[in-house]
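Residue-level listing of the chains:
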2 protein chains.
Amino acid sequence: MAQATLIEHPFTSPAAALPAQDTVVLRLCAAARLLLGKARNSAHLALLQTLCLPVTALWCRVLRFDPAHPDWPDRDRFVVPSATLHPLLQAMLHLSGTYAFSESPLEYGMHPGVETAPGPAGQGIAAAAGMALAEHLLAKRYGRSLVNHRTWVLARDGDLATGVAMEAAQLAGRFGLTQLAVLVSPTPGADRTEFSNSLARFSASGWSIRKVDASQLSAINGALAATLRAKKPTLIACMPPESPQTFRPQPCLSPEEELTGPWSPTARRGATAYRSWLKRLARHRLRTAFERETANTLPSLLMEDWSRLCRRAMQPTHQASTQQAAITSLHTLSALLPELTVLTATSALPRTSAAAHIQPDWPCNIQEHGMAGMLNGMSLHGGILPCGIASMITVDRMRAALRMAALMRQKIIYLLTDDGLALSHDGASWQPVEQLASLRAMPHLAVFRPANAQEAFACWKAAIRWQSGPAVIMLCPNPPEHSYAVPMQGSAARGGYILHGSATRHVTLMASGPEVSIALETEQLLLQHGVQAAVVSIPCWEVFSNQPEAYKTAILGTDVLRVGIEAASGFGWERWLGSQGFFVGMDDFGVSAPANAVYERFGITAGAICARVLKHLRTSGAIEERFLQAPSPTSRQQEREPL
Amino acid sequence: MAQATLIEHPFTSPAAALPAQDTVVLRLCAAARLLLGKARNSAHLALLQTLCLPVTALWCRVLRFDPAHPDWPDRDRFVVPSATLHPLLQAMLHLSGTYAFSESPLEYGMHPGVETAPGPAGQGIAAAAGMALAEHLLAKRYGRSLVNHRTWVLARDGDLATGVAMEAAQLAGRFGLTQLAVLVSPTPGADRTEFSNSLARFSASGWSIRKVDASQLSAINGALAATLRAKKPTLIACMPPESPQTFRPQPCLSPEEELTGPWSPTARRGATAYRSWLKRLARHRLRTAFERETANTLPSLLMEDWSRLCRRAMQPTHQASTQQAAITSLHTLSALLPELTVLTATSALPRTSAAAHIQPDWPCNIQEHGMAGMLNGMSLHGGILPCGIASMITVDRMRAALRMAALMRQKIIYLLTDDGLALSHDGASWQPVEQLASLRAMPHLAVFRPANAQEAFACWKAAIRWQSGPAVIMLCPNPPEHSYAVPMQGSAARGGYILHGSATRHVTLMASGPEVSIALETEQLLLQHGVQAAVVSIPCWEVFSNQPEAYKTAILGTDVLRVGIEAASGFGWERWLGSQGFFVGMDDFGVSAPANAVYERFGITAGAICARVLKHLRTSGAIEERFLQAPSPTSRQQEREPL
């Protein structure tokens, strides 16, 4: 009889028998359940009800969160990556703070308590691992007096079964992210075997697994306490009670005012913690640096210092490949920007002598997708400028995470190595073809493809300045074949510029990356035929598109034949070609052969391009036939002079 | 002393003490090691040497493979997805057959024994799971007398740690693919913890794990025998011996001729098995069907029968959404084409009444990437026409696998559901924006986006006819807003056609999918302003591009304003717009709002497009100002008449 009463009103009758804190949790949980009943997405009500008590306990007793300062850098992150579970976050914000519960989902950007936008399954766990890594790194720099918070994820069982979550789980285990915890409950009615298997897989990835009855507050309290002591990332599986009647909607009233809003346990604990943290911040010796980094602003003289360092570092390696130059730029930058953190999923990168004093990269081995998801979380956490290094061909695997970064406009820099046809010996599947186009199609993402060492540094600078979202820099391991002087302060910052050639011209040769040197060779060949050409390097379409029309027209030329050259798919190139232009590139996947043979196979050679241009000019009658003669040795001599 | 001799010449001195078969294996293993020493990629020699004995034992004693008929449909599949491990396959083919060992890698398409092209890590395990599923399905149809082979994968430890492999491992466990086995060895010098964790994760996914000393033939024999009896997919971890000296290169000679080529144990076993299989095939009652399916040819009257069935099934649902229509087409097709097999990663699809007699779909839940990898394997296996169903937004996750399908030109049909802005209530991340462009950029892939139920069926037919590689069909869950008559045999087979409007026109409105109905509405609005327009539906760019220039010009019109309309990124649309045209679509990610509000937000409404067209015509002076008047009620009446 007494038990029946307990089910109906868990906190009224035997309240005296419970510790005071537990009573508060139960009362707030009942209030949260009332709110959940109002949520639009009632199909998932059973799941929300199951998770309600664990989440309320977490918020009331553990979560470090001050509703009055929801953007406090040292707050606990409570990550809810699934829109299905958002009502729980809304209920907690409503009960503990000033946010008013509404039926529509709370979106990323609307409230600082929303740590991430909902995305594909598993991305939230990866992002949370990134946040925990960011916390770990900042704590190492600033000490636990300033940085000491945890990352909690409210996940769905489907999240655990995805590849990206399993990759991120491995990384979290490898990096020892003890401040990370996942709360999850099996979907009601689903097969429990799959759920148990997921738990076992997380356990095998170095996680501590705790299974609790989601209706037993004492068990939940024990699991939360154990999580605080854990030496591994923790997964708390909140199992629905055996008898579902425990979750019958309870006819209780809203809790009294003294338990909600600024008087809620969360808010009172949060306010105290926030005040004492402010005091510690005020007397911290690195306060300025901490405030600058958490505000995501750059040092004022960064660009000047960086240019100076880079000039010095690149002096001996003037003929370096774009890959070497970009890595050198990265190393010099990391000496100036301590918040720069590198995750890397590729081995055997060139190390410069200047690299001795930088922090170690975080190796992500083969787990590119998990790494990309973590980079999102590091950026969302704040105080970190994340940079990921991976082979260009693996960008397909990271795409879902990269899209989330673009969607949330996070500043993340990707260095994508091994661009170009250099890898052809290992088979066609390793040559990027459509990756460039598919990345350029993504909103807010800037895609850079530098042609030489100087441009690689200029692209780095432009990527740092790119405010709309993430940036990728495509890097080629081979040095460019032709040496040509580009001013150290080259105008890659405008996305495209005339690299060489006359303003009065018949032909504009547009190229990026390793193909710029082919364009330069073509220009010289054309000149031997009496055809004036200009070589335009377009390292970044997105930046170039943002330039004024007059600038773009001046660069691309009017009434000239425009030719695009890129060892990639020509999809999207029509934008720059005008009505008469044509594109030289790849209309198929690559082939296994030495790089030079692959260039020949696709007709991306100066000779082939020159022949196509001359044929086109003849057919269209753009210039008179008499100019288009085979060069004589003398004329070749004469025409080379002006170069 | 005797032991030292054993290490030097493992098969000479104590040969008498070993069973005869083991002697043969050891001699062939020594011969294979000699060949491996010649391989170009000597950095991985230690790994190759470790795996040499297990692989030789597998080939000599277990593998069902006839070198004289390497494309035998009932052969065991020996999948080597990593180019690093290819020398082992080459050595085995050399020793057992007629293939001559060479230093360059053996590529997919060069020899039927190469079951897959090397690709990103993990794809091979997923493909092998697909092959095992194909075998399982074919065995169910034709019985074990005709189909009874296994799939063996030679994987690297990195493969096991990838998300796609872990997703595929879950699916293999869920589907109970007992005929699947993975051989793997830890990378020499790498941390063994990660490797052990990988094994534990596979065990948690329902796999049987066997750890053997790779230098102990008896242990290897035991593991292989256990694999044949296993009731789960098996993973054999071949551990390098504790003392590395066992693998010192042995100064042995090539084995005598009587052990290699047609006299090798593999070839002799294979030839016997092949002959008796041929006899069983000859008297099998489904011989014709089996031969047709394994040759990947379609029944001769398929299209006619299918059209008839579809016409009947669609009669009551004439106003169906493209999604409903495509699923109906799928169900009718599966009644005609038993080799059609559907893996599905999305729930709650419309079921038609005709669906009762089709085979069950294979549910892949949230594991889209693993599913896509398996579809590749099912197609590579032969005898199966694989079809995958997933939500359109998840195509980013499947991209790496989809690329492998395009690279190997595999005929796989993807139905991508939930296209369009219909899902906007769940947040911006669920609205496809750049997916369409990023897929169109991929070589060999055909991307279909039908506008109504009839076009959905036409796209299905065109996808079946598409010979170059995989095809995706984008489907919208909402029925088109406007009803208009498209002939049942609509010309979607040519990729694009004039749906409505006059051949003499000022404006061509190009659209696909749900935006076609907006184009039709715009056409009517323009007509009220005295502007003649035609609506062109382009359900497939790839097919349309392959049409003769004259056809394309006739469809798109010359000297007209071309307008592209698609609720997606405009990247790549310049191809069709000409020098004056413009695109109406999305230049940003979506927003959370009802679908109509999202269309308004991006200006993809008939009113907005009409205004832009009129403004453009006025500015360019394409037609005289007097025609561009606001319609009076009378003129509207008059102009509507011709419709």
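Only a predicted model underlies this, so the values are computations on that prediction, with no experimental measurement involved. (Residues numbered from 1 in each chain as written. Chains lettered and ligands numbered in written order. Predicted model: local features only at pLDDT ≥ 70, side-chain atom pairs only at ≥ 80, totals over all residues.)

**Considering the overall build of chain A**
So, point 1. In terms of helices and strands, chain A carries 24 helices and 16 strands.
So, point 2. By residue count, 57% of the 643 residues in chain A fall in the buried class.
So, point 3. Expressed as a percentage of contacts within chain A between residues at least 6 apart in sequence, the contacts between residues at least 24 apart total 78%. (Helix = DSSP H or I, 4+ residues; strand = E, 2+ residues; numbered from the N terminus. Buried ≥ 20, exposed ≤ 12 C-beta atoms within 10 Å, placed from the backbone. Contact = placed C-beta atoms within 7 Å.)

**A look at unusual backbone geometry**
Residue and element names in this part refer to chain A.
So, point 1. Non-glycine residue Arg409 carries a positive phi angle of around 55°.
So, point 2. For Arg409, a count of 16 C-beta atoms within 10 Å corresponds to the partly exposed category.
So, point 3. One non-glycine residue, His444, lies in positive phi territory at about 70°.

**Quick word on the relation of the copies chain B and chain A**
One chain copy maps onto the other through a rotation about an axis and a shift parallel to that axis.
So, point 1. The operation relating chain B to chain A is a screw motion whose rotation component is 180°, with 0.0 Å of axial translation and a residual RMSD of 0.0 Å. Taken together, the rotation and translation relating the two chain copies correspond to the operation of a two-fold axis.
So, point 2. A share of 100% of the interface residues of chain B reappears at the interface of chain A, consistent with the copies meeting face to face through the same patch. (Least-squares fit on C-alpha atoms with pLDDT ≥ 70 in both.)

**Some details on the sheet that holds strand β1 (residues 77-79) of chain B**
Residues and elements named next belong to chain B.
So, point 1. Sheet architecture is open: five strands sit in the order β1-β2-β3-β5-β4, paired in parallel fashion. The sheet terminates laterally at β1 and β4 (208-213), the two strands that pair on one side only. For this sheet the average axis-to-axis angle between neighbouring strands, irrespective of direction, equals 20°.
So, point 2. Examined bridge by bridge, strand β3 (residues 180-185) and strand β5 (residues 234-239) share four bridges and lie parallel to one another. Paired with Val182 across the strands is Leu235, a residue of β5.
So, point 3. Of the strands in this sheet, β2 (151-156), β3 and β5 are in contact with helix α3 (residues 45-62), which crosses β3 at around 150°. (Pairing = 2+ DSSP bridges. Axes fitted to C-alpha atoms, helices over the stretch in contact; angles between N-to-C directions.)

**A look at the nonpolar core**
So, point 1. Ranked by size, the top nonpolar core spans 401 residues in total, and within it Ala129(A), Ile473(A), Ala129(B), Leu183(B) and Ile473(B) carry the most contacts.
So, point 2. Setting aside chain neighbours within four positions, we find Ala129(A) in contact with Ala168(A), Leu171(A), Ala172(A), Leu177(A), Leu180(A), Met374(A) and Gly377(A). (Core = buried A, V, L, I, M, F, W, Y, C linked by C-beta atoms within 7 Å.)

**Thoughts on the environment of Met166(B)**
So, point 1. Inspection of the secondary structure assignment puts Met166(B) in helix α7 (residues 163-175).
So, point 2. Owing to 31 C-beta atoms within 10 Å, Met166(B) belongs among the buried residues under this scheme.
So, point 3. Separated by 204 residues in the primary sequence, Met166(B) and Gly370(B) have C-alpha atoms spaced 7.6 Å apart.
So, point 4. Those residues within four positions of Met166(B) in sequence are excluded, and the remaining contacts are Gly163(A), Met166(A) and Arg201(B).

**Notes on the interface of chain B and chain A**
So, point 1. At the junction of the two partners, chain B supplies 56 residues and chain A supplies 56 residues.
So, point 2. Those elements that place two or more of their residues in the side of chain B that touches chain A are α7, α8 (192-204), α15 (395-407), α16 (435-440) and α21 (574-577) of chain B.
So, point 3. Of all the elements, α15(B) adds the most residues to the side of chain B that touches chain A, at seven residues.
So, point 4. For the side of chain B that touches chain A, the per-class residue count stands at 23 nonpolar, 19 polar and 14 charged. (Nonpolar A, V, L, I, M, F, W, Y, C, P; charged D, E, K, R; others polar.)

**Observations concerning the environment of Trp263(B)**
All names here are of chain B.
So, point 1. Position of Trp263 relative to the elements: it lies in the loop between β5 and α10 (265-282).
So, point 2. Residues Trp263 and Arg75, spaced 188 residues apart in sequence, show a C-alpha to C-alpha distance of 18 Å.
So, point 3. Residues within four places of Trp263 in sequence aside, it is in contact with Glu258 and Arg268.

**Details of the pairing of strand β13 (residues 507-511) of chain A**
Residue and element names in this part refer to chain A.
So, point 1. The buried fraction of β13 amounts to five of the five residues, a majority that puts the element mostly inside the structure.
So, point 2. Across five bridges, β13 lies against strand β14 (residues 533-537) in parallel orientation. Note that in β14 the partner of Thr508 across the bridge is Ala534.
So, point 3. Pairing of β13 with strand β15 (residues 561-565), which is carried by five bridges, proceeds in the parallel orientation. Bridge assignment links Ala511 to a residue of β15, and that residue is Ile565.

**Things to note about the packing of helix α2 (residues 20-37) of chain A against helix α4 (residues 86-96) of chain A**
All names here are of chain A.
So, point 1. With their axes 9 Å apart at the nearest point, α2 and α4 run at an angle of 125° to one another. On the basis of the axis angle, α2 is oblique to α4. Read as a crossing pair, α2 and α4 show a hand that is right-handed. Only Pro87, Ala91, His94 and Leu95 of α4 make contact with α2, whose side of the interface consists of Leu28, Ala31, Ala32, Leu35 and Leu36.
So, point 2. Grouping the constituent residues of the contact of α2 with α4 by class yields eight nonpolar, one polar and no charged. (Parallel < 35°, antiparallel > 145°, perpendicular 65-115°, else oblique. Left-handed = near helix turned anticlockwise from the far one by under 90°.)

**Focus: α15(B)**
Residue and element names in this part refer to chain B.
So, point 1. Taking 1.5 Å of rise per residue, the 13 residues of α15 would be expected to cover 18 Å, and the 17 Å separating its terminal C-alpha atoms lies within 8% of that figure.
So, point 2. Ala401 marks the point of greatest bend in α15, at about 40°.
So, point 3. Across the 13 residues of α15, 13 count as buried, placing the element largely inside the fold.
So, point 4. Immediately beyond the C-terminal end of α15, within one or two residues, lies Arg409, with a positive phi of roughly 55°. (Expected span 1.5 Å × (residues − 1). Bend = angle between axes of the 7 residues up to and from the residue.)

**Structural notes on the packing of α7(B) against helix α14 (residues 368-381) of chain B**
Residue and element names in this part refer to chain B.
So, point 1. Packing of α7 against α14 brings their axes to within 7 Å, and their N-to-C directions diverge by 80°. What the angle tells us is that α7 and α14 run roughly perpendicular. For the pair α7 and α14, the contacting residues are Gly163, Val164, Glu167, Ala168, Gln170 and Leu171 in the first and His369, Gly370, Met371, Gly373 and Met374 in the second.
So, point 2. Per-class residue counts for the contact of α7 with α14 are five nonpolar, five polar and one charged.

**As for the sheet that holds β13(A)**
Pairing between the strands of a sheet is mediated by backbone hydrogen bonds and can be parallel or antiparallel.
All names here are of chain A.
So, point 1. Across the sheet, which stays open at both edges, the five strands sit in the order β12-β14-β13-β15-β16 with mixed pairing between neighbours. Edge positions in the open sheet fall to β12 (497-501) and β16 (582-584), since each of these has one partner strand only. Within the sheet, the average angular offset between the axes of one strand and its neighbour, ignoring direction, is 25°.
So, point 2. The pairing of β12 with β14 spans four bridges and is classified as antiparallel. Looking at β14, one finds that Tyr497 is bridged to Ser537.

**Re the pairing of strand β8 (residues 385-391) of chain B**
Residue and element names in this part refer to chain B.
So, point 1. Counting buried residues along β8, six of its seven residues qualify, which places the element largely inside the surrounding structure.
So, point 2. Bridge count between strand β6 (residues 340-344) and β8: five bridges; the pairing is parallel. Each residue of the ladder has a partner; that of Val342, found in β8, is Cys387.
So, point 3. Where β8 and strand β9 (residues 413-417) come together, five bridges link them in parallel fashion. Bridge pairing links Ser391 to Thr417 in β9.
So, point 4. Handedness of the crossover joining β8 and β9 through α15: right-handed. (Right-handed = clockwise from strand over helix to strand, strands pointing away.)

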